[in-house]
Each structure stands twice: as C-alpha cells, then as structure tokens.
Amino acid sequence: MSQKRLAAVLVFFIGVLLMAWFAQLFFLDDVYQFLKKNMVKSALVEVSNNIDENNLDEIISNIQSAGIEVRIVDSNGVDRLNTKQTSLAEYTTEQLIDLYQDEVSENGIMWEHLTKFDVADESDEETDSAFYKDSNTCRMITCAQLVKQKDGTELLVLMRSIITQNGINMDVMWTQMLFVSITLLLLALAGCLFLKTRFNCKIGQYKEVAQELAVGNFNVCFPVQGCSSMKDLGDSLNCAVKKFSETEQNREELLANISHDLRAPLTMMIGYAQMMQEIPGENTPENVQIMIDEANRLSMLVNDILDLSKMKEAAPRLKLETFCLTDLLQETVYHYQKLTAQKQWEISFEKDRRVWVRADQTKISRVIYNFICNAINHTGQDKKIRVQQLVQDKKVFVRVTDNGPGIAEDKISSIWDRYYRIEQGNRTSAAEGSGLGLCIVKNILQQHQAEYGVESKQNQGSTFWFALEVLDQQQTEKFVKKQNQ
C-alpha cells in the first residue's frame, strides 16, 4: 500500500472519530432524553396493564430501580401504593383530585408534562429530597394515566423521571469516549505501520527480482502473494519475464543463425577467390557464377536484417499508387523463370483477368518476391510452383503454391515470427533463407491492412496468400484512360 493510500486511510479513520465526537457533543442529550421518555411511557403502560396482577409490586420495584418514580392514587387522592418518598409527593390531595378529574374527562388518555427547573444545592437546608442532589439544573418528565381495575375501581397512575444526565455520568462517558478514541487511533496507526512495512517488504522482493533481470538472469520469478492486486501484478510481471526470456533466447538463436549464414558465403567466396588466384585453370565462368551467387545471397541476408530493423523502429509511410497487379505478378514470375531455368524449376502463372489495385507497388512487389523465393526454397522434387490470381467479392487473391513437405500444424502460427526458421532438414533447395522474409511480409501486409495467411499440410505442400481491394470498373477505366494519354 502506498504512502498516499495509508494517509488516506488514516485521515478517514480520524474523520470517523471526529464525527463520533461531534455526535457525542451535540446529539447525546437529545438521544438520551428521547430514550428516557420512551422508557417512562413504556413503564406506565406496563403498570397499567398489570394493575390487578399479584407481581405488581415486583414490577414497580424494577421500574423504580431504573430511576423512575411511581405513585398510584384513587379518585380521592389517597395513595394506594406504599412507596418511598419521591418528588411526586409534591402533589397535594387537591391537585391529585383535579388531575384525576381531568383524566376522567379525557377518557383516561396518557398525560405528559415536561419540566425544566433549577435545583438547589445539596447544602440548601430547604431541600431535603435526594431526588434533586445530582444536578443543579435538570429536565424531568411526568406522565399520568387513568386505569380501571377488575372491580371497576379507577386509579390514577403517575410516573416521573429525570431525563437529563447527571454530571458524574457525563464525566464517566466523556472519559470513556476519550480512552476509546485514543486506543482506536493508536490501533489505526499501528495497523498503517504494519501494512506499510509489509508492503515495503514485498516491494523489496520485487526490487531484488528486478535487479536480477537487469543483469540478464531470466530464471527468476516475482512473488505471487498478498492481495488480489499484488497477485495480478506478480502474474503480469512473470508473464513479461517469460516473454523477455523467449525473446532473448530467440535473439541468441538469430545471432547464431546469422553468424552461420554470413560465415558460409564469405568462406566460400574467399576459398574460390584463392583457388582462382593460385590455380590458373580454375578461373572459369562456373566458379565466377558461384562467387556471384554467394555474394547475392550475402547481400539478401544483410538487406533483410536492415529492412526489418527499420520496420520495427518506425513503420515508414506507404507510397500509395494505382497499378496493375496482374502485370506486376507476370513480370515477377517471368524474372524467376529466367533465373531458375537452368535449375529446371517450373513456375507457372494463372490469372482470371487483369486487375488494378491501390497500394505501395514496391512493397507489394517485395511480398510477391518473398512468397516465390520461399516456395523455391521449400518446393518438392518435381520443382513445380504455381502462382495464381483470383478475384472474389471485390478482392484479388494472390496465391503461391509449392509441392514441398508442408508445415506441421503446430508450427503454422510461428512461421510469421521474426526469429523463426524452418529446419534445414525440410529444405530441398540448396538455398537458405535468413528466417526474416515472412516477418517482413507480415509487416508490409499489416501496413496495408490486407488479409494474408498460409494453408499447409505435411507432405502435401503449402500455399501462401494475400488479398487486396480491387478498384471498381469506373476507377479502373479512368486510370487506364489517363495512362494511355
């Protein structure tokens, strides 16, 4: 938990305590009076309902022990209950008779009277009642109700109670409130310190793992424990470490592969050059062609690496133009037919009609070159490659098919990766690729937002394809007319 969150929790807790103190200061008396009033009224109802019961004395005793005075008189103002002297004794017989008559006229409805007055000190000789000794100022409630016994006798039940807290109780309550507040505040501080220490401990563990990663050690694991957010963070970081580890492994494999690919043509070129220099009879066109082929292979590898790096750093803008895709395919196929004629490769081209598209012609040309070159490197013993152009649903599909060993199903999704290379055991051509061609193709087609894919089964060959939007007939005719002018 961060320091800001800890501070927020502590401020919230202090706010709750302040609200409790505020309620205690401004609403405690009102709540106490409300509860006390309801207690007196409930006691009056209880006595009225049990006026003929044998346990009436016990009920009244319990009520008096709760600080409520009780007095029961008849119609003549005569007490019917032997109770200890209370403040209700201030009512004279005449006052009780008048109160009785008022209750009769009101059909026995409960009467309530709230009084606030100043009470004399305990040293005042004129005040003998212990009822007044707790406070110099108090509020009391007096209730009365007319009750009829089973024999028809009507009695007046009076009850009175102070509804103001006395000073001693208030002092005790405030002291308890202060003690509880300080205790809770200390517990909150201790809890915040504990959570902060625990959080810092976990952050320390993450820091140690991050330091191991900084020195290249990917065999580490972030802790996955604690709250759900910390667990999610640990899982995410462990997933990132796994990806970094795979990337680092692929990078090392790429460096090893590139080192091999660079070393092989250089070694061959140096060997043939030395042989031609030292042995006059070896200076033949065949040996020169071998050196040229190896130089071209080396140039292709270097260009692939440089181009892919540029694509990863910042995708260059496409130079969109309208061109005939059919003509581009035909020219590319013708070029490869001339290049592979001596090696007896058979490259065919099938089209349904001429189509125009709007795209980056140079980059699309490179996609076609890569697909055909890939087919040459992996074709079967018959050395047949088929290039097709098909128009479907306002899209033109370009398909390059070979009859090679195909691609295992579990590897199809990996062939577009930057570092992936088909095992050389699957190759039937002496040529070797850099493992970057299809990754370059993927980047180009994604820039064009074009569909692309591969269809392959082992021992049944592979078909690499992509699709572009075809210009409609009106746009095509307009472009052709402009071109002819």
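Since the structure is predicted, the reported quantities are computational estimates derived from the model, not experimental observations. (Residues numbered from 1 in each chain as written. Predicted model: local features only at pLDDT ≥ 70, side-chain atom pairs only at ≥ 80, totals over all residues. Heavy atoms only, no water.)

Attention now goes to the packing of helix α8 (residues 325–339) against helix α9 (residues 361–378). For the pair α8 and α9, interaxial distance at closest approach is 10 Å and the crossing angle is 40°. In terms of axis orientation, α8 runs oblique to α9. For the element pair α8 and α9, the recorded crossing hand is right-handed. Counting all contacts with α8, which are made through Leu 325, Leu 328, Leu 329, Thr 332, Val 333, His 335 and Tyr 336, the residues of α9 involved are Gln 361, Ile 364, Ser 365, Ile 368, Tyr 369, Ile 372, Cys 373 and Ile 376. (Axes fitted to C-alpha atoms, helices over the stretch in contact; angles between N-to-C directions. Helix = DSSP H or I, 4+ residues; strand = E, 2+ residues; numbered from the N terminus. Parallel < 35°, antiparallel > 145°, perpendicular 65-115°, else oblique. Left-handed = near helix turned anticlockwise from the far one by under 90°. Contact = heavy atoms within 4.5 Å.)

Across the sheet, which stays open at both edges, the five strands sit in the order β6-β8-β9-β11-β10 with mixed pairing between neighbours. Every other strand in the sheet has two partners, leaving β6 (346–351) and β10 (451–456) as the edge strands with one partner each. The sheet shows a mean angle of 15° between the axes of neighbouring strands, taken without regard to direction. Of the strand pairs in this sheet, strand β9 (residues 395–402) and strand β11 (residues 462–469) are connected by eight bridges, and their pairing is antiparallel. Each residue of the ladder has a partner; that of Asp 402, found in β11, is Ser 462. Lying on the sheet, α9 is in contact with β6, β8 (384–392), β9 and β11; it crosses β11 at an angle near 170°. (Pairing = 2+ DSSP bridges.)

Once that is clear, we can look at the pattern of salt bridges. If you walk through the whole model with that rule in mind, you get four salt bridges. Glu 455 is the partner of Arg 399 in a salt bridge, and the nearest nitrogen-oxygen pair spans 3.0 Å. Pair noted here: Arg 399 is in strand β9 and Glu 455 is in strand β10, with a separation of 56 residues, a long-range link. (Salt bridge = Lys/Arg side-chain N within 4 Å of Asp/Glu carboxyl O.)

Here we take up the environment of Ile 72. Within the secondary structure layout, Ile 72 lies in strand β1 (residues 69–73). On the accessibility criterion, Ile 72 (3% relative accessible area) is buried. For the pair Ile 72 and Leu 158, spaced 86 residues apart in the sequence, the C-alpha separation amounts to 6.2 Å. (Buried < 20%, exposed > 50% of the residue type's maximum accessible area, 1.4 Å probe, protein only.)

Before going further, it helps to examine unusual backbone geometry. With a phi close to 50°, Asp 393 is a non-glycine residue in the positive phi region. Relative to the assigned elements, Asp 393 resides in the loop between β8 and β9. A relative accessible area of 75% places Asp 393 in the exposed class. Even without a glycine there, the phi angle at Gln 449 is positive, about 55°. Under the relative-accessibility criterion, Gln 449 is labelled exposed at 76%.

Averaged over all residues, the pLDDT of the chain is 75; the fraction at 70 or higher stands at 73%. Here residues 117–136 is modelled with pLDDT under 50, and outside its nearest four sequence neighbours on either side it reaches 28 contacts, counting other chains as well. (pLDDT = per-residue confidence, 0-100.)

Where burial is concerned, most of helix α10 (residues 437–447) is hidden: nine out of the eleven residues are buried. By the burial criterion, the buried members of α10 are Gly 437, Leu 438, Cys 439, Ile 440, Val 441, Lys 442, Asn 443, Ile 444 and Leu 445. Positive phi shows up at Gln 449, right after α10, with a value of about 55°.

Turning our attention to the nonpolar core. Membership of the largest hydrophobic core comes to 37 residues, with the highest contact counts inside it found for Leu 325, Ile 364, Phe 371, Ile 372 and Phe 466. Taken together, the elements giving at least two residues each to this core come down to α8, β7 (356–359), α9, β8, β9, α10 and β11. Looking at this core element by element, the count peaks at seven residues for α9. The residues contacting Phe 466, other than those within four sequence positions of it, are Ile 364, Val 367, Ile 368, Phe 371, Val 396, Phe 397, Val 398, Leu 445, Glu 451 and Tyr 452. Among the nonpolar cores identified, the runner-up in size contains 20 residues, and Ala 43, Ile 51, Ile 68 and Cys 143 belong to it. (Core = buried A, V, L, I, M, F, W, Y, C linked by side-chain atoms within 4.5 Å.)

With that out of the way, let us pick up the packing of aromatic side chains. Tallied over the full model, the rule gives six aromatic pairs. A ring pair is formed by Phe 371 and Phe 464, whose centres lie 5.6 Å apart and whose planes are at 40°; its orientation type is tilted. Within this pair, whereas Phe 371 is found in helix α9, its partner Phe 464 is found in strand β11, the two being separated by 93 residues in sequence. Classification of Phe 371 as buried rests on a relative accessible area of 1%. What makes Phe 464 buried here is its relative accessible area of 3%. (Phe/Tyr/Trp six-rings, centres within 6.5 Å; stacked < 30°, edge-to-face > 60°.)

What follows deals with the pairing of β8. Looking at chain direction, β6 and β8 are connected through six bridges and run parallel. Across the sheet, the residue bridging to Phe 349 is Val 387, located in β8. Two strands pair when backbone bridges link them, and β8 and β9 are joined in this way by eight bridges, in the antiparallel orientation. Bridge pairing in β9 links Gln 389 to Val 398. If you look at the hairpin formed by β8 and β9, you'll find two residues sitting between the two strands, and Asp 393 has a positive phi there, around 50°.

A separate point is helix α3 (residues 56–65). Within α3, the full set of buried residues consists of Leu 56, Ile 59, Ile 60 and Ile 63. Down the axis of α3, the sector holding all buried residues measures 95°, keeping them to one side. More than 90 degrees from the buried face of α3, the exposed residues found are Asp 57, Glu 58 and Ser 65. Taken from the residues just after α3, Gly 67 is the one with a positive phi, measuring 85°. (Arc of directions from axis to C-beta.)

Once that is clear, we can look at a nonpolar patch on the surface. A cluster of nonpolar side chains, namely Leu 178, Ile 182, Leu 186 and Leu 189, defines an oily patch on the protein surface of about 360 Å² accessible area. Here Ile 182 is to be found in helix α5 (residues 167–214). For Ile 182, a relative accessible area of 44% gives the class partly exposed. (Patch = residues over 30% accessible without salt bridge, like charges linked within 9 Å, V, L, I, M, F, W, Y side chains within 5 Å. Areas by Shrake-Rupley, 256 points an atom, 1.4 Å probe, with all protein chains shown as cover.)

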